[in-house]
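Letter by letter, the chains look like this.
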Amino acid sequence: TGQVALDIGFVNTAACTSAITYIDGDAGVLRYRGYPIDQLAGKASFVEVSYLLIHGELPTAAQLAEFDGKIRRHTLLHEDLKQFFKGFPRDAHPMPVLSSAVSALSTFYQDSLDPFDEAQVEMSTYRLLAKLPTIAAYAYKKSVGQPFLYPDNSLGLVENFLRMTFGLPAEPYEADPELVKALDMLFVLHADHEQNCSTSTVRLVGSSHANLFASVSAGINALFGPLHGGANQSVLEMLEAIQRDGGDIPTFVKRVKDKEPGVKLMGFGHRVYKNYDPRAAIVKSTADSVLDKLGGNSELLDLARQLEEVALTDDYFVQRKLYPNVDFYTGLIYRAMGFPTRMFTVLFALGRLPGWIAQWREMIEDPTTKIGRPRQVYTGPTVRDFVPLDQR
Ligand code: CMC
């Protein structure tokens with residue numbers, strides 16, 4: 001009833017208030033709970049930042065130890081849930097495997113589903129933070145036909161994930177500390193980004209009082225799309241395609257500018273940033289050192305750099321304020337770390353999880369929250385009379 005405003009894609013419409021993440025898109029500013037991203041990246045650990053996002057304050061050493069200890073205690077998956085992975089085709093993309101397994105958590109952990117029971121929400125928070133890396137590693141193991149490794153709870157979250165992903169039962173695996181540090185920092189950079197597509201999905205699903213597992217599972221599916229988290233996979237595929245065409249950047253850029261259907265400069269542009277994405281700036285500066293250390297494909301990195309240079313000086317991109325976003329350089333680092341292209345968006349999901357949880361909890365705790373229910377502007381036929389089948 002009353003007047004309905006049309007805002008396709010929610011370009012101008014805020015659906016909630018939030019005290020978690022601040023973005024100034026014109027200035028290229030990103031802050032978690034007030035802390036600038038460049039002060040957190042490389043200094044605060046991913047688990048520490050998860051605590052900050054969820055609880056609003058940086059933890060003391062004792063609070064961090066307790067939080068980390070609880071996450072470590074919940075890393076195991078129910079043995080029956082492990083069977084679940086066997087049901088998927090071997091060439092299944094790991095993202096739908098991830099969202100399906102997270103959805104299934106609400107069948108295995110029925111004692112932590114009530115959104116209005118604080119202790120249950122705490123429990124589901126720990127379960128998700130602890131189990132998503134295990135699920136992600138098993139989705140990978142399934143795709144390469146290797147046995148699942150049990151988590152080793154003497155290890156931190158990132159080390160444990162790397163071990164479950166790249167380790168083998170008969171061989172000791174020790175993650176390269178540089179690699180652990182870099183991946184931990186990349187997770188920090190992805191940890192929250194206010195009301196993006198997947199986070200809005202988590203809130204919308206949760207606004208019907210669906211449980212946290214169900215809401216996060218929906219968020220993972222939203223993240224899968226190539227315009228959102230799936231962009232990190234698309235960037236690498238785009239770079240490889242340009243490489244196959246002999247590194248012909250001008251021809252590719254022309255196709256983008258001609259708006260050939262389906263041809264975009266992936267990893268460029270953002271709804272909110274009309275300036276350099278501050279996360280991309282940090283990723284770019286680390287890509288160099290990580291690739292140096294891990295011996296990545298420097299040819300693709302060179303190609304990415306040239307592509308960026310061309311785009312940043314070309315009128316098409318300048319006028320539209322299109323800059324590299326977080327997905328532009330991350331894939332090159334993930335590749336150098338040994339992850340197959342299809343795992344890139346899974347890594348984004350691991351990083352974004354604390355943000356989804358923090359936003360869902362903020363939504364549930366806010367007494368002003370209402371069920372999310374957008375309006376529409378109807379454009380179909382006006383009323384008409386039914387014609388029976390034999391008269392049509
Ligand atoms: N390549 C070429 N042209 C582009 C691009 C691009 N990557 N992004 C936007 N444009 C053009 C677009 O065609 C439009 O041109 P015109 O004014 O002539 O119609 C103009 O720039 C404005 O773009 P828009 O589509 O109205 O912008 P949006 O806010 O709706 O979309 C976006 C934002 C991120 C979906 C889009 O920039 C895009 O598709 N980028 C490529 C995919 C990508 O990298 N996504 C990752 C986003 S960041 C991290 C994450 O969320 O995962």
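What you see is a predicted model, and the numbers here were worked out from it, not measured in a lab. (Residues numbered from 1 in each chain as written. Predicted model: local features only at pLDDT ≥ 70, side-chain atom pairs only at ≥ 80, totals over all residues.)

### Looking at the packing of helix 6 (residues 118-144) against helix 17 (residues 344-365)
Where helix 6 contacts helix 17, the axes come no closer than 10 Å and their chain directions differ by 170 degrees. On the basis of their axis angle, the class for helix 6 and helix 17 is roughly antiparallel. Touching V121, T125, L128, L129, L132, P133, A136 and A139 of helix 6 are V346, L350, L353, P354, I357 and R361, all from helix 17. (Axes fitted to C-alpha atoms, helices over the stretch in contact; angles between N-to-C directions. Helix = DSSP H or I, 4+ residues; strand = E, 2+ residues; numbered from the N terminus. Parallel < 35°, antiparallel > 145°, perpendicular 65-115°, else oblique. Contact = placed C-beta atoms within 7 Å.)

### Things to note about helix 17
Over its 22 residues, helix 17 runs 32 Å from end to end, which matches the ideal 32 Å to within 8%, given 1.5 Å per residue. Maximum bend of helix 17: about 45 degrees, positioned at R352, with proline P354 one to four residues after it. (Expected span 1.5 Å × (residues − 1). Bend = angle between axes of the 7 residues up to and from the residue.)

### Examining the UniProt feature "active site" (unreviewed entry) in the protein
Using the residue numbers shown here, the UniProt feature "active site" (unreviewed entry) corresponds to H270 and D327. These annotated residues cover 58 residues of sequence, and their C-alpha atoms all fall within 10.7 Å of one another, placing them together at a single site. Relative to the elements of secondary structure, H270 occurs in the loop between helix 12 (249-257) and helix 13 (278-294). Relative to the assigned elements, D327 resides in helix 16 (residues 327-337). Judged by local crowding, D327 falls into the buried class, with 29 C-beta atoms found within 10 Å. Contact partners of D327, with chain neighbours within four places excluded, come to A231, N232, V235 and G267. (UniProt positions renumbered as here; feature names shortened; annotations may be inferred. Buried ≥ 20, exposed ≤ 12 C-beta atoms within 10 Å, placed from the backbone.)

### A word on the domain arrangement of the protein
Segmentation of the protein into domains returns domain 1 (21-227 + 344-364) and domain 2 (231-337). Computed over C-alpha atoms, the centres of domain 1 and domain 2 are 26 Å apart. Between domain 1 and domain 2, the residue contacts involve 24 residues of the former and 24 residues of the latter. Mapped onto the side of domain 1 that touches domain 2, the elements with two or more residues apiece are strand 2 (29-32), helix 1 (37-40), helix 8 (177-190) and helix 17. Among the elements that make up the side of domain 1 that touches domain 2, the one with the highest residue count is helix 8 (eight residues). (Domains from an automatic or database assignment.)

### Some points on the environment of F252
Within the element layout of this structure, F252 appears in helix 12. A residue is classified by how many C-beta atoms lie within 10 Å of it, and F252, with 21 of them, is buried.

### Overview of the pairing of strand 2
Every second residue of strand 2 is oriented toward a common face, the buried set being L30 and Y32 and the non-buried set V29 and R31. The turn linking strand 1 (residues 21-24) back onto strand 2 is made up of four residues, and G28 within it adopts a positive phi angle of 70 degrees. Two strands pair when backbone bridges link them, and strand 2 and strand 3 (residues 35-36) are joined in this way by two bridges, in the antiparallel orientation. The residue of strand 3 that forms the bridge with R31 is P36. (Pairing = 2+ DSSP bridges.)

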